[in-house]
Amino acid sequence: MLRKRLSAIMAALLLLSSAGCVQQKDDEVKTVGLAMPSKALERWNRDGEYLKQVFESEGYNVELKYSDNNIDQQINDLQVLIADDVDVLIVAAVDGATLFRTLEDAKIKNIPVIAYDRLILNTDTVDCYISFDNFKVGELQAQFILDSLSPDTSDRPLNIELVSGDTADNNARFFYNGFMSVMEPYLESGRFVIPSNKITFEQTATPQWSTVKAYENMQNTLASYYAGGTPLDAVHCASDCLTVGVTQAIASDYTGKTPVVTGQDGDIAALRDIVEGQQSMTIYKNVRDEANVTVEVAKAILEEEDIDEELIEEFEVPCAFDTDSYDNGVKKVPSYLLTPNVITLENLDLLTEIGPYEWDEDHRYLVEK
Ligand code: GAL
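Just so you know, these numbers come straight off a predicted model, no measurement behind them.

Colleague: What should I look at first to understand the domain arrangement of the protein in this one?
Modeller: When the parts come together, some accessible area is lost, and that loss is often what is quoted as the size of the interface. Here the protein is partitioned into domain 1 (29–132 + 286–338) and domain 2 (135–264). The straight-line distance from the C-alpha centre of domain 1 to that of domain 2 is 31 Å. Note on domain 1 versus domain 2: buried area summed over both sides is about 850 Å², and carbon and sulfur give 46% of it. One can count 5 residue pairs in polar contact (both at pLDDT 80 or more) joining domain 1 with domain 2. Looking at the side of domain 1 that touches domain 2 residue by residue, the class counts come to 6 nonpolar, 4 polar and 3 charged.

Here it is, written out as structure tokens:
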């Protein structure tokens, strides 16, 4: 409230001081530069379009770029946005470690930068990070597997395989670490075993979060370690784009009981697989909330307000302000972290309330609204 009153007073002062002058750039419609990683993965389409909508509804111009999951393309996109003199840059990085040089140009032009969903590394040219609690995502996935399979009372050690995300995406390591923080004691005690022996983040990573690669890797794992009838009890997939490949490989190359398989994002294909029983859960991260928080933060930055805990009052969604967890190698980036939801067959309907979904005519599958 106080913040709002202060900005109203500041706006009034600004108006008085500029009376009679040529109109300042501050009074013009501001332009937001949005750089999203790829159109190929469902979630980034949703994020890009929704961010565009909310910013436009707040009276901003929007320049939206998708970079085809290609680092050079994203660098090029950012150069264009910077050359176009956007007022703020919102970037979901293809590779968080490759943008620091390009962002120097944003710094020279005083363009603030918000790292959206994925952290940007090795630069002080990032004002703020907006995401979900990525460590928590991994913890929730691991806890789901434990709750589903009760390893402590099982009459044999349980077999699990890990399918992690892209090493170029800072989030992927957080998902893995969160997962391991819960699962490690069970791997150490032998209640869970990884027959393929692929256990480190690097060994389990999937370049570019590729569904095809996840499918091929799973096929190889099944052929090499499960062909003789070894049961596969669980697969930790970090995200739905991987899960969809993994469940296809399981459907075609594995004849045992369907394993517990995790996911993240609420992709339409994954939600269908949950109904069909091929996928066990997904983590839904409310893209609307993430976009709404981003708009509030961008407004605050453009109005030169402080980026701090107090801003959360404007969000109306559960959110933590974290100044410690996201060290990008140069600075600890102040972060607003939203809370993810666990979605299973039992609470699929919740997505019609909190996400852009509705039931199809037969009330069997969720479809995009
Ligand atoms: C992550 C993101 C996840 C998932 C993944 C693949 O950075 O946080 O929600 O979408 O990328 O795109």
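Colleague: Explain the site of the ligand to me, please; I cannot follow it from the model alone.
Modeller: Taken together, the neighbourhood of the ligand is formed by 14 residues, with Arg43, Asp117, Arg118, Asp169 and Asp265 sitting nearest. In the model, an oxygen atom of the ligand is placed 2.8 Å from a nitrogen or oxygen of the Arg43 side chain. Within the side chain of Asp169, a nitrogen or oxygen atom sits 2.5 Å from an oxygen atom of the ligand. In the complex, the protein chains occlude 100% of the 300 Å² of accessible area that the ligand would expose alone. Mapped by element, the contributors of at least two residues to the shell around the ligand are α2 (42–57) and α6 (170–189). Here the residues of the shell around the ligand sort into 5 nonpolar, 3 polar and 6 charged. Looking at the shell around the ligand, you find at least three residues from each of domain 1 (29–132 + 286–338) and domain 2 (135–264).

Colleague: Teacher, can you tell me more about α2 here?
Modeller: One full turn of an α-helix is made of 3.6 residues, so residues set three or four places apart face in the same direction. Between its first and last C-alpha atoms α2 spans 23 Å; for 16 residues at 1.5 Å apiece the expected length is 22 Å, and the two agree. Looking at α2, one finds that the buried residues are Arg43, Trp44, Arg46, Asp47, Gly48, Tyr50, Leu51, Val54 and Phe55. One or two steps after α2, the chain reaches Gly59, where phi turns positive at roughly 90 degrees.

Colleague: Explain the pattern of salt bridges to me, please; I cannot follow it from the model alone.
Modeller: Should their charged atoms come close, side chains of opposite charge can pair. According to the stated counting rule, one finds 17 salt bridges in the structure shown. Residues Arg43 and Glu290 are paired through a salt bridge, measuring 2.9 Å at the closest nitrogen-oxygen approach. Within this pair, whereas Arg43 is found in helix α2, its partner Glu290 is found in helix α11 (residues 287–302), the two being separated by 247 residues in sequence. In this pair, the class of Arg43 matches that of Glu290, namely buried. Across the pair Lys136 and Glu139 runs a salt bridge, and its minimum N-O distance is 3.9 Å. Placement of both Lys136 and Glu139 in helix α5 (residues 134–149) is noted, with a separation of 3 residues, approximately one turn of the helix. A relative accessible area of 34% places Lys136 in the partly exposed class. Three or more residues are tied together by salt bridges with common partners; here these are Arg43, Asp47, Asp117 and Glu290.

Colleague: Please explain the packing of α5 against α6 as it appears in this structure.
Modeller: How two helices pack is summed up by the angle between their axes together with the distance between the axes. Where α5 contacts α6, the two axes come as close as 6 Å, and the packing angle between them is 35 degrees. α6 is crossed by α5, and the crossing has right-handed handedness. For the pair α5 and α6, contact is made by Asn134, Phe135, Val137, Gly138, Glu139, Ala142, Gln143, Ile145 and Leu146 and by Asn171, Phe174, Phe175, Asn177, Gly178, Phe179, Ser181, Val182, Met183 and Tyr186, respectively.

About the thresholds
Residues numbered from 1 in each chain as written. Predicted model: local features only at pLDDT ≥ 70, side-chain atom pairs only at ≥ 80, totals over all residues. Heavy atoms only, no water. Domains from an automatic or database assignment. Buried area = accessible area lost by both parts, 1.4 Å probe. Polar contact = N/O pair within 3.5 Å; in protein donor to acceptor, adjacent residues only side chain to side chain. Nonpolar A, V, L, I, M, F, W, Y, C, P; charged D, E, K, R; others polar. Near = heavy atom within 4 Å. Areas by Shrake-Rupley, 256 points an atom, 1.4 Å probe, with all protein chains shown as cover. Helix = DSSP H or I, 4+ residues; strand = E, 2+ residues; numbered from the N terminus. Expected span 1.5 Å × (residues − 1). Buried < 20%, exposed > 50% of the residue type's maximum accessible area, 1.4 Å probe, protein only. Salt bridge = Lys/Arg side-chain N within 4 Å of Asp/Glu carboxyl O. Axes fitted to C-alpha atoms, helices over the stretch in contact; angles between N-to-C directions. Left-handed = near helix turned anticlockwise from the far one by under 90°. Contact = heavy atoms within 4.5 Å.

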